[in-house]
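Structure assessment
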Amino acid sequence: MKPIRKAVLPVAGLGTRFLPATKAVPKEMLTVVDRPVVQHVVDEAREAGIEHFIFVTGRGKAVIEDHFDIAYELDRTLQERGKQAAYEALKQDLPKAGQTSFTRQQAPLGLGHAVWCAREIVGDEPFAVLLPDMLSRGCMGQMLRAYEQHGGNIIAVEEVKPEETHQYGIVSVGETFGQTFEITGMVEKPKQGTAPSNYIISGRYILQPEVFAILEKGETGAGGEIQLTDAMIRLAETQKFFGLRYEGRTYDTGSKLGFLTANLAYALEREDLAGPLKAEIARLLES
């Protein structure tokens, strides 16, 4: 069983839900407290042991590449001004040389197409996919432990209210193994009342490389796009899929409410911000 060394991060999305903020700034570079969303996602993968980060970008996303590179002028200025702590923090955040790759998705043809664009860099080995607008701290670490137990393909899932299942990709639950279970079926946005469970696909995947041959066919699904869920359904005909019940909370920073909630949640965990922020929230609620 090959280890999971590489992660694909599809960052080519237009961020239309956040216009006009995302007209010139990629949605992945919006900050949760003082770190870009994409940095939080990379932190999660690095802590789990991922070694190589593959960013599938689009037009206007060059700033993401710059973020994960050395900024000589900034580094020199910080050192000259004696701001060593800030300098060391920036240096610690940088992946090592050769640990990042960038490839273009020239047209918005769907998540499945974005993953397929990374095929040459991934090669013939299993890999992770992390949706960069979903913050799920510790999730990839839990998934890698599940992969060591089961192998195959792993999908992180979370429970939602039954009346919300029509908004998501849903999995069917088979034999259960503690935190994990065998997936016996998948459906993308089922009609209300027809979902096989209330477990949604929540934006973290471990996939075998055979999925690229399925995506290669370019078959379109919902919205006329190449859907990753459709490719996984096909792959499940010949390979095992397991669901991991993520122990934690996911924040969808691609939605305005999720973005604001993530900022509050992350700030309230910091000693330097929690007290003053609670006081400000209380003032707002009183006004």
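As a reminder, the structure under discussion sits directly above these lines.
Small disclaimer: the values here were computed from a predicted structure and weren't measured.

1. Quick word on helix α7 (residues 139–150)
- Here α7 spans 16 Å end to end across 12 residues, near enough to the 16 Å set by a 1.5 Å rise per residue.
- Turning to α7, its buried residues are Cys139, Met140, Gly141, Gln142, Met143, Leu144, Ala146 and Tyr147.
- Those residues of α7 that are buried are in contact with α1 (37–48), β6 (127–130), β8 (153–159), β10 (180–188), β11 (199–207) and β12 (241–245).

2. As for the pairing of β10
- When strand β9 (residues 169–177) meets β10, the two strands line up antiparallel, connected through seven bridges. Its bridge partner lying in β10, Phe177 is registered against Thr180.
- Following β9, the chain reverses through two residues before pairing antiparallel with β10; Gly178 in that reversal takes a positive phi of roughly 70°.
- Taken together, the three bridges between β10 and β12 define a ladder with antiparallel strand orientation. Each residue of the ladder has a partner; that of Phe181, found in β12, is Gly243.

3. Some thoughts on the nonpolar core
- Formed by 38 residues in total, the largest nonpolar core has its most connected members in Leu9 and Phe55.
- Ignoring anything within four residues of it in the chain, the contact list for Phe55 reads Leu9, Val11, Val38, Val42, Ile64, Phe68, Thr100, Ser101, Phe102 and Thr103.
- In terms of nonpolar packing, the next biggest core, distinct from the first, is built from 33 residues, Tyr199, Ile201, Ala231 and Met232 among them.

4. Overview of the environment of Glu219
- Tracing the backbone shows Glu219 in the loop between α8 (211–215) and α9 (228–235).
- Considering only alpha carbons, one finds Glu219 and Thr16, 203 residues apart in sequence, at a separation of 25 Å.
- Not counting residues up to four positions away in its chain, the partners in contact with Glu219 are Glu225, Ile226 and Arg234.
- Separated by 3.5 Å, the side chains of Glu219 and Arg234 make a polar contact.

5. So, the packing of aromatic side chains
- Under the criterion given, the structure shown has seven aromatic pairs.
- Seen from their ring centres, Phe181 and Tyr199 are 5.5 Å apart, and the 40° between their planes marks the pair as tilted. You can see Phe181 sitting in strand β10 and its partner Tyr199 sitting in strand β11, a full 18 residues away along the chain. Here the two residues Phe181 and Tyr199 agree in accessibility, since each one is buried.
- Each residue in the set Phe55, Phe68 and Phe102 is aromatic and connected to the rest through ring pairs, giving one cluster.
- A cation over an aromatic ring shows up here: Arg137 above the ring of Tyr266, its NZ or CZ 3.9 Å from the ring centre.
- Just above the ring of Phe18 sits the side chain of Lys256; from NZ or CZ to the centre is 5.7 Å.

6. Regarding the side chain of Ser202
- When you line up the elements, Ser202 lands in strand β11.
- Note on Ser202: relative accessible area 4%, which makes it buried.
- Ignoring sequence-local partners within four residues, the contact set of Ser202 consists of Met134, Ala156, Val157, Glu158 and Thr250.

7. A short note on unusual backbone geometry
- Cis peptide bonds are those with omega within 30 degrees of zero, and the linkage from Leu19 to Pro20 qualifies with 5°.
- With respect to the helices and strands, the residue Pro20 is situated in the loop between β1 (6–10) and β2 (31–32).
- Here the phi dihedral of Val33 falls at roughly 60°; this positive angle occurs in a residue that is not glycine.
- Within the secondary structure, Val33 sits in the loop between β2 and β3 (35–36).
- Unusually for a residue other than glycine, Lys189 sits at a positive phi of about 50°.

8. A short note on the packing of helix α3 (residues 72–80) against helix α4 (residues 84–93)
- Where α3 contacts α4, the two axes come as close as 8 Å, and the packing angle between them is 150°. Compared by their axis directions, α3 and α4 come out roughly antiparallel. Judged by the sense of rotation from one axis to the other, the crossing of α3 with α4 is left-handed. Note on element contacts: α4 touches α3 through Gln84, Ala86, Tyr87 and Leu90, opposite Leu74, Asp75, Leu78 and Gln79.
- When its residues are assigned to classes, the contact of α3 with α4 shows five nonpolar, two polar and one charged.

9. Details of helix α10 (residues 256–268)
- Here α10 is 13 residues long and its end C-alpha atoms lie 18 Å apart, about the 18 Å a rise of 1.5 Å per residue gives.
- Listed as buried for α10 are Gly258, Phe259, Ala262, Asn263, Ala265, Tyr266 and Ala267.
- Residues of α10 that are buried in the fold lie against β2, α1, β7 (134–135), β13 (251–252) and α11 (274–286).

What counts, and where the lines are drawn
- Residues numbered from 1 in each chain as written.
- Predicted model: local features only at pLDDT ≥ 70, side-chain atom pairs only at ≥ 80, totals over all residues.
- Heavy atoms only, no water.
- Helix = DSSP H or I, 4+ residues; strand = E, 2+ residues; numbered from the N terminus.
- Expected span 1.5 Å × (residues − 1).
- Buried < 20%, exposed > 50% of the residue type's maximum accessible area, 1.4 Å probe, protein only.
- Contact = heavy atoms within 4.5 Å.
- Pairing = 2+ DSSP bridges.
- Core = buried A, V, L, I, M, F, W, Y, C linked by side-chain atoms within 4.5 Å.
- Polar contact = N/O pair within 3.5 Å; in protein donor to acceptor, adjacent residues only side chain to side chain.
- Phe/Tyr/Trp six-rings, centres within 6.5 Å; stacked < 30°, edge-to-face > 60°.
- Lys NZ or Arg CZ within 6 Å of the ring centre and 35° of its normal.
- Axes fitted to C-alpha atoms, helices over the stretch in contact; angles between N-to-C directions.
- Parallel < 35°, antiparallel > 145°, perpendicular 65-115°, else oblique.
- Left-handed = near helix turned anticlockwise from the far one by under 90°.
- Nonpolar A, V, L, I, M, F, W, Y, C, P; charged D, E, K, R; others polar.

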